[in-house]
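A closer look at the structure
Here is what each chain is made of, one letter per residue.
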Amino acid sequence: MTDSTTAGVPQERRLVTAVPGPKSQQLLARKNAAVANGVAVTLPVFTARAGGGILEDIDGNRLIDFGSGIAVTTVGNSAEAVVRRATAQLADFTHTCFMITPYEEYVEVAEALAELTPGDHAKKSALFNSGAEAVENAVKIARAYTKRQAVVVFDHGYHGRTNLTMALTAKNMPYKNGFGPFAPEIYRVPVAYGYRWPTGPENCGPEAAAQAIDEISKQVGADNVAAIVIEPVLGEGGFIEPAKGFLPALKKFAEDNGIVFVADEIQSGFCRTGQWFACEDEGIVPDLITTAKGIAGGLPLAAVTGRAEIMDAAHAGGLGGTYGGNPVACAAALGAIATMKELDLNAAAQRIEGIMKPRLAAMQEKFDVIGDIRGRGAMIAVELVKDPATKEPAPELTGAVAKACHAAGLIVLTCGTYGNVLRFLPPLVISDELLNEGLDLIEEAFAAQL
Ligand SMILES: *Cc1c(COP(=O)(O)O)cnc(C)c1O
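Residues numbered from 1 in each chain as written. Predicted model: local features only at pLDDT ≥ 70, side-chain atom pairs only at ≥ 80, totals over all residues. Heavy atoms only, no water.

1. Quick word on the nonpolar core
- Counting residues in each nonpolar core, the largest one holds 100 residues, and the members touching the most others are F66, I228, F246, F424 and F446.
- The element best represented in this core is helix α10 (residues 327-342), accounting for nine residues.
- If we skip the residues at most four places from it in the chain, F424 touches F66, F239, M356, L360, A378, M379, I380, A381, V382, V412 and I442.
- F128, V135, L164 and V260 belong to the second largest nonpolar core, which has 25 residues in total. (Core = buried A, V, L, I, M, F, W, Y, C linked by side-chain atoms within 4.5 Å. Buried < 20%, exposed > 50% of the residue type's maximum accessible area, 1.4 Å probe, protein only. Helix = DSSP H or I, 4+ residues; strand = E, 2+ residues; numbered from the N terminus. Contact = heavy atoms within 4.5 Å.)

Right under this line is the structure:
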């Protein structure tokens, strides 16, 4: 870790009050009075500053960050290059609307996306504000290109909280319950979830692909499908890596049937899994790729990038938005991408995996409630079960372990359709010392619960 990524925040855990402390408790009361209950918080410590692998709260506690604001601050909070470029841009101009009078930073981000995303075909991009907006636009573009309507998504998939993306998302609570009706022409098929595949993980990839393709063919009709939308590593659904062979089979099916293959890399992209994009792991070249989260060091930015002929299918004026590709967010993205290259954050993510996986495997030896360890790079998770033989999900235990970690000064998140997955998304610039200390705290949290 270098000073360019720590924002001057001391890289050590420190607890000076209970977590959350008295100042955070006071602010929480104000939050509860003024902010809608639907906007819930995982851990009510109010942030004072953050950098590297540490988040400091307003009571002076310093917490180790295994969340990165949900895989966003990959380069660290307030990373030097992000702050420098965004600050310079703030001083020049804050907004013109790219659709009215354009600016170079937007074009530069589009050029960087063309360079970094898989495939050497001609590519174009369109920029937006949020991941959900990017996914919605990928669907618009695929429909315009194919002149078809159906969209295929997967069990355990997560694509956002807007109306169309709620329909694409698998899990009812908390994302969809009571918020319907949902958009039509969305079809959900099985995903290759190795740990829970009835015939075992070895058979899962090809079997799940055959099942998914059969359902698409029989229930939807391949000729009606505009797009197949999938996360190459499923995020909110439980950090599920589709078993080997699944993604290539779906990609080939899409290719054979004129279907636009969309990789939603909003969580898995930008070095998170130890590659620029997770789909590279099996050599997948998506037709369209959606990005957001890690792209801009914390500023709101999202993109759809893909084959030029597909991207150009939408008519002039058909894509855009007032703030899409805001100049400050674009400048931040250029700073974040430069940092990823300069510090080789793909290698950093691989190093993080190399530290985390063996330590989690050692914990699994001690705690048999750890049913599965999975993920790649700095996108790692453990799935907790009541009994490894039945694999019955253990969501209460998962919540209790997360709470114990929080109290000890470690930010961890949960996920999974059954709420039984602890996920770890440290900033890629975290030091090995903080990483190991965080793992110690996880181990202690398990020991205290069991
Ligand atoms: C977070 C996420 C989204 C939605 O992004 P927002 O910026 O929250 O709208 C979509 N897809 C995936 C895979 C995500 O992880």
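Next, the rest of the story.
2. Describing the site of the ligand
- Lining the immediate environment of the ligand, one finds S130, G131, A132, Y158, H159, E231, D264, I266, Q267 and K293.
- One of the side-chain N or O atoms of D264 is found 2.8 Å from a nitrogen atom in the ligand.
- The fraction of the free accessible surface of the ligand (380 Å²) that becomes covered by protein chains is 82%.
- Among the residues making up the shell around the ligand, the classes are represented as three nonpolar, four polar and three charged. (Near = heavy atom within 4 Å. Polar contact = N/O pair within 3.5 Å; in protein donor to acceptor, adjacent residues only side chain to side chain. Areas by Shrake-Rupley, 256 points an atom, 1.4 Å probe, with all protein chains shown as cover. Nonpolar A, V, L, I, M, F, W, Y, C, P; charged D, E, K, R; others polar.)

3. As for the packing of aromatic side chains
- On inspection of all chains with the given rule, the structure shows ten aromatic pairs.
- Between F66 and F424, the aromatic rings sit 6.1 Å apart at their centres with planes inclined by 70°, giving edge-to-face as the arrangement. One end of the pair, F66, is in the loop between β3 (62-65) and α2 (68-71); the other, F424, is in strand β15 (residues 421-424), and 358 residues separate them in sequence. Note on accessibility: F66 and F424 belong to one class, buried.
- By way of ring pairs, the aromatic residues F93, F98, Y103 and Y106 are connected into one cluster. (Phe/Tyr/Trp six-rings, centres within 6.5 Å; stacked < 30°, edge-to-face > 60°.)

4. Some points on the sheet that holds strand β4 (residues 123-128)
- Taken together, the seven strands give an open sheet; going across it, the order is β4-β10-β9-β8-β7-β5-β6, and neighbouring strands pair in mixed fashion. Two strands close off the open sheet at either side, each with one partner strand: β4 and β6 (186-189). If you compare each strand with its neighbour and ignore which way they point, the axes differ by 20° on average.
- Along the sheet, helix α4 (residues 104-116) contacts β4, β9 (288-291) and β10 (302-307); its crossing angle with β4, the most-contacted strand, is approximately 130°.
- Across the sheet, helix α7 (residues 201-220) lies against β5 (150-154), β6 and β7 (225-230), angled at about 145° from β6, the strand it touches most. (Pairing = 2+ DSSP bridges. Axes fitted to C-alpha atoms, helices over the stretch in contact; angles between N-to-C directions.)

5. Examining the pairing of strand β2 (residues 54-57)
- Residues I54 and E56 of β2 are buried on one face, and the alternating residues L55 and D57, pointing to the opposite face, are buried as well.
- Where strand β1 (residues 47-51) and β2 come together, four bridges link them in antiparallel fashion. Bridge assignment links A50 to a residue of β2, and that residue is L55.
- Linking two consecutive strands that pair antiparallel, namely β1 and β2, is a turn of two residues; a positive phi of about 60° is found at G52 within it.
- By the bridge criterion, three bridges tie β2 to β3 in an arrangement that is antiparallel. Residue pairing across strands places E56 opposite R62, the latter belonging to β3.

6. Digging into the packing of helix α12 (residues 395-407) against helix α13 (residues 432-449)
- Look at α12 against α13: their axes get within 9 Å of each other, and the N-to-C directions meet at 130°. One finds that α12 runs oblique with respect to α13. Read as a crossing pair, α12 and α13 show a hand that is right-handed. For the pair α12 and α13, the contacting residues are L397, A400, V401, A404 and C405 in the first and L441, I442, A445, F446 and Q449 in the second. (Parallel < 35°, antiparallel > 145°, perpendicular 65-115°, else oblique. Left-handed = near helix turned anticlockwise from the far one by under 90°.)

7. Points about the domain arrangement of the protein chain
- Its domain assignment divides the protein chain into domain 1 (3-65 + 344-449) and domain 2 (82-342).
- Taking the mean C-alpha position of each, domain 1 and domain 2 sit 26 Å from one another.
- With both sides pooled, the region where domain 1 packs onto domain 2 buries about 2500 Å², and carbon together with sulfur makes up 50% of that total.
- Area buried by domain 1 at its contact with domain 2 is led by N346, R376 and M379, which between them contribute 31% of it.
- On inspection of domain 1 and its partner domain 2, the count reaches four salt bridges.
- Our count for the contact surface shared by domain 1 and domain 2 stands at 23 residue pairs in polar contact (both at pLDDT 80 or more).
- A total of five residues in the side of domain 1 that touches domain 2 trace back to one element, the largest contributor, which is strand β11 (residues 370-376). (Domains from an automatic or database assignment. Buried area = accessible area lost by both parts, 1.4 Å probe. Salt bridge = Lys/Arg side-chain N within 4 Å of Asp/Glu carboxyl O.)

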